[in-house]
Number of protein chains: 2
Amino acid sequence: MADKANPIRFGILGCATIARKVSRAIALAPNATVVAVGSRSLDKAQRFIADNGLPPATRAHGSYEAVLDDPAVDAVYVPLPTSLHVRWVVAAAEHGKHVLLEKPTALCAADLDRIQEACRSRGLQFMDSTMWMHHPRTAQMRKFLLDPNRFGQLKAIHSSFTFCVDPDFLQNDIRVKPDLDALGALGDVGWYCIRSILWAADYELPKAAIAHHGCVKNQAGIILSCGATLVWDDGKDASFHCSFLSNLTNELCVMGTRGTLHLSDFVIPLEETLAKFRFATDSGFKELQTGWHPLPSEHVISTDLPQEALMIQEFARLAGSIRDSGCKPDEKWHTITRKTQLVLDAVKESIEKGFEPVNVTG
Amino acid sequence: MADKANPIRFGILGCATIARKVSRAIALAPNATVVAVGSRSLDKAQRFIADNGLPPATRAHGSYEAVLDDPAVDAVYVPLPTSLHVRWVVAAAEHGKHVLLEKPTALCAADLDRIQEACRSRGLQFMDSTMWMHHPRTAQMRKFLLDPNRFGQLKAIHSSFTFCVDPDFLQNDIRVKPDLDALGALGDVGWYCIRSILWAADYELPKAAIAHHGCVKNQAGIILSCGATLVWDDGKDASFHCSFLSNLTNELCVMGTRGTLHLSDFVIPLEETLAKFRFATDSGFKELQTGWHPLPSEHVISTDLPQEALMIQEFARLAGSIRDSGCKPDEKWHTITRKTQLVLDAVKESIEKGFEPVNVTG
């Protein structure tokens, strides 16, 4: 079992901004440590180690290959541009490394299949880096949604994630470049919307995705803002909106026959050590509709470790049980990632087809 | 000027449940009073007067005509089923009565045009009964949206209004009957969503409406749940979801380049004497995305009179200035109602055309 004395030893592939956050998370997790950082520039890797207070023994490598060749590395965290995921995750798996992969995981499900097959065939743990899944708030909200007396039957979901980028981002960020993160806002923020919808639907795949008119693209054809409706056979539906063009907004509303879940910070809680959600059951209006009765209730969940450290802890627990106890990988993470990618692919295809419905098949 | 000594004297056409709330609002307003109630049954009108504590002098009439013939009636409040609006509002106008009309105002814009023309040609005040428009919170939120330093440029809106009806409603309520309120959930709750979107867009009409797949109808073809996307030429867009099938939920989120407005009770505030909204400007994440900075702020607006009484007060002020000072009607209310109806019509047509885009033309 991975623990402080015998941690899962991470190698980080690339010095992306998000890698700073994950480095801290690895340091905070009780069963993981960073042992190597690789960049195309040795200098950059060295600076990353120094700037982020990584253990002095952390090895800087001047290439990603060198991290994979490092026998002390159990697992890699891969925050590279999406277009590089297939190449480097497959290589990591060939070197026997477990893989924590930044989202969006792949440019399309076929690419993701290559990634997942590489991990699966070697008995390696795969997980995507969707941090909010690991916050204790998420588990608590799940309990509410699963309780028929609180929530009833799921009917509708709406999710929004937007943030407003500056002119430099619109010109230069990898997320607006066709050769790097070709999925644009759909891949970067829409990923979370789609995941939240699948989460709320307990991972039941929708039948079809229909992108909303009003999609905004840059001159290179990269999505800057879009939305979609997802429909299921049983009549429930969901919609989402994701954008690089509106002020940071992060809404999730899940509606059942008897209950409503709402939160305004589902991806990153407003505060690190506590997170809230609002839940209402059997809501109605007072006599003469002069107010609501009952009122929605607010629930506060505190956490000692931030959600990203809890993610690392869970990943390291799974990787450690494989490394030290011969267990098999937890397939759940393969499945959840793949469903997210399938829906994302369908939304993208719907946009390309002029907002026609596209079946989600997996 | 209408005041306590010289109030606008209301006649109420029909004893619908909502008329109980509006009767109380008329009693609360400082410049209005109820003088007559008409029903197809005299007995029902008498009981309504007694049950709702209306002034003892209130006259009960056994027909709607009798209310219109009552010379002491300045204005009528019309909560009749939508299919009866043209007939009774035109008749009321022909009798020189100002008109406060329950929503949805008409089955289609052509019908609304007949209603509005009847009022306009006789110099009578027209207003639809969309109460939240009159809450001081609404004016306060408008100030925030108009402030470029708080909100920037409008980019996206999402609005949801749902409530979960019981089996009796699904069988018997007028809102599921083709001959009474044929617009179903779109007319009853979607009206508010569309109005909130138009309000947020400062009443700029969208270019087109595209209904969302996943619309649910009853066997008679009445909409029980639906949604739509609205698009504007400048790239902003909006979506809404309205339904009779989910727990009472009432969300409005308005996203600009610099700000986000959010509230969860836009149609009827949770509490009668105070109402809240959340606003965030230039939101971002802290270093390493460990939380948000700045945090959204919560704003609390108190009101002595409930929003429905403020609506009556404003309507009576306008009707009084016509009656007593020879002023002209406030055309604003014609315009806002008509735009709401135009969008509603386009959404309905889009549903009928299999979710094709329908231009909004007025």
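Residues numbered from 1 in each chain as written. Chains lettered and ligands numbered in written order. Predicted model: local features only at pLDDT ≥ 70, side-chain atom pairs only at ≥ 80, totals over all residues. Heavy atoms only, no water.

1. Overview of the domain arrangement of chain A
Residues and elements named next belong to chain A.
- You can read the domains of chain A as domain 1 (8-132) and domain 2 (133-306 + 341-359).
- Taken together, the contact between domain 1 and domain 2 spans 21 residues of the former and 26 residues of the latter.
- Approximately 2,000 Å² of surface area, both sides summed, lies buried where domain 1 meets domain 2, with 58% of it carried by carbon and sulfur atoms.
- For the pair domain 1 and domain 2, the number of links is three salt bridges.
- Measuring nitrogen to oxygen at the nearest pair gives 3.0 Å for the salt bridge that ties lysine 103 to aspartate 188.
- Linking domain 1 with domain 2 are 17 residue pairs in polar contact (both at pLDDT 80 or more).
- Within the residue set of the side of domain 1 that touches domain 2, elements represented by two or more residues are α1 (17-28), α5 (109-120) and β6 (126-128).
- Residue composition of the side of domain 1 that touches domain 2, by class: 12 nonpolar, five polar and four charged. (Domains from an automatic or database assignment. Contact = heavy atoms within 4.5 Å. Buried area = accessible area lost by both parts, 1.4 Å probe. Salt bridge = Lys/Arg side-chain N within 4 Å of Asp/Glu carboxyl O. Polar contact = N/O pair within 3.5 Å; in protein donor to acceptor, adjacent residues only side chain to side chain. Helix = DSSP H or I, 4+ residues; strand = E, 2+ residues; numbered from the N terminus. Nonpolar A, V, L, I, M, F, W, Y, C, P; charged D, E, K, R; others polar.)

2. Considerations on the UniProt feature "domain: Gfo/Idh/MocA-like oxidoreductase N-terminal" (unreviewed entry) in chain A
- Taken from the UniProt record, the annotation "domain: Gfo/Idh/MocA-like oxidoreductase N-terminal" (unreviewed entry) applies to residues 8-127 of chain A.
- Within residues 8-127 of chain A, the helical portion is 42% and the strand portion 22%, while the C-alpha atoms at the span's ends are 14 Å from each other. (UniProt positions renumbered as here; feature names shortened; annotations may be inferred.)

3. Examining the sheet that holds strand β1 (residues 8-13) of chain B
Residues and elements named next belong to chain B.
- In spatial order, the strands read β3-β2-β1-β4-β5-β6; together these six strands make up an open sheet with parallel pairing. Each edge of the open sheet carries a strand with a single partner, namely β3 (59-61) and β6 (126-128). Strand-to-strand, the axes of this sheet are offset by a mean angle of 25°, without reference to chain direction.
- In this structure, strand β4 (residues 75-78) lies alongside strand β5 (residues 98-101), joined through four bridges in parallel fashion. Directly across from valine 78, in β5, lies its bridge partner leucine 101.
- Against the sheet, helix α1 (residues 17-28) touches β1, β2 (32-38) and β4, its axis set at about 170° to β1. (Pairing = 2+ DSSP bridges. Axes fitted to C-alpha atoms, helices over the stretch in contact; angles between N-to-C directions.)

4. Some points on the pattern of salt bridges
- The final tally for this structure, using the stated rule, is 54 salt bridges over all chains.
- Close ionic contact of aspartate 43 of chain A with arginine 47 of chain A constitutes a salt bridge, the shortest N to O distance being 3.2 Å. Residue aspartate 43 of chain A and its partner arginine 47 of chain A are both found in helix α2 (residues 42-51); the two are separated by four residues, about one turn of the helix.
- A residue is classified by how much of its surface remains accessible, and aspartate 43 of chain A, at 43% relative accessible area, is partly exposed.
- For arginine 317 of chain B, the salt bridge goes to glutamate 314 of chain B, with nearest N and O atoms at 2.9 Å. With arginine 317 of chain B and glutamate 314 of chain B both in helix α9 (residues 307-325) and three residues apart, this pair spans about one turn of that helix.
- Through salt bridges with shared partners, a single ionic network connects Arg9, Asp74, Arg323 and Asp324 of chain A. (Buried < 20%, exposed > 50% of the residue type's maximum accessible area, 1.4 Å probe, protein only.)

5. A word on the interface of chain A and chain B
- Each side of the interface is counted separately: chain A has 60 residues, and chain B has 60 residues.
- Its largest share of buried area at the contact with chain B, chain A owes to Asn247, Leu248 and Trp292 of chain A, together 14% of the area lost on that side.
- Counting every contact that joins chain A to chain B gives four salt bridges.
- Residues arginine 278 of chain A and glutamate 251 of chain B are paired through a salt bridge, measuring 3.0 Å at the closest nitrogen-oxygen approach.
- Secondary-structure elements contributing two or more residues to the side of chain A that touches chain B are α1, β7 (154-162), β10 (223-231), β11 (237-243), β12 (249-256), β13 (259-263) and β14 (274-281) of chain A.
- Here the side of chain A that touches chain B is built from residues that sort into 21 nonpolar, 26 polar and 13 charged.

6. Description of the environment of alanine 208 of chain B
Residue and element names in this part refer to chain B.
- Locating alanine 208 in the fold gives a position in strand β8 (residues 208-211).
- The buried category is assigned to alanine 208, whose relative accessible area is 5%.
- Those residues within four positions of alanine 208 in sequence are excluded, and the remaining contacts are Thr229, Leu230, Val231, Val358, Asn359 and Val360.

7. Quick look at the pairing of β14 of chain A
Residues and elements named next belong to chain A.
- Strand direction decides the pairing type here: β13 and β14, joined by four bridges, are antiparallel. Across the sheet, the residue bridging to histidine 262 is arginine 278, located in β14.
- The sheet contact formed by β14 and strand β15 (residues 297-302) spans six bridges and is antiparallel. Bridge assignment links leucine 274 to a residue of β15, and that residue is serine 302.

8. Considering the sheet that holds strand β1 (residues 8-13) of chain A
All names here are of chain A.
- Spatially, β3-β2-β1-β4-β5-β6 is the arrangement adopted by the six strands of the open sheet, whose pairing is parallel. Whereas interior strands pair on both sides, the edge strands pair on one side only; in this sheet they are β3 (59-61) and β6. Averaged over all neighbouring strand pairs, the angle between strand axes comes to 25°, with direction disregarded.

9. Thoughts on the packing of aromatic side chains
- Scanning all chains against the criterion turns up 24 aromatic pairs over all chains.
- Both rings, one in tyrosine 64 of chain B and one in tryptophan 88 of chain B, keep their centres 5.1 Å apart while their planes meet at 80°; by these two values the pair is edge-to-face. In this pair, tyrosine 64 of chain B sits in helix α3 (residues 64-69) while tryptophan 88 of chain B sits in helix α4 (residues 85-94), placing the two residues 24 residues apart along the sequence. Note on accessibility: tyrosine 64 of chain B and tryptophan 88 of chain B belong to one class, buried.
- On the basis of an interplanar angle of 90° and a centroid distance of 6.1 Å, the ring pair of phenylalanine 163 of chain B and phenylalanine 169 of chain B is categorised as edge-to-face. An identical accessibility class is assigned to phenylalanine 163 of chain B and phenylalanine 169 of chain B; each is buried.
- Among the aromatic residues, those joined into a cluster by ring pairs are Phe144, Phe151, Phe277 and Phe279 of chain A.
- Residue placement shows arginine 150 of chain A over the ring face of phenylalanine 144 of chain A; its charged tip is 3.8 Å from the ring centre. (Phe/Tyr/Trp six-rings, centres within 6.5 Å; stacked < 30°, edge-to-face > 60°. Lys NZ or Arg CZ within 6 Å of the ring centre and 35° of its normal.)

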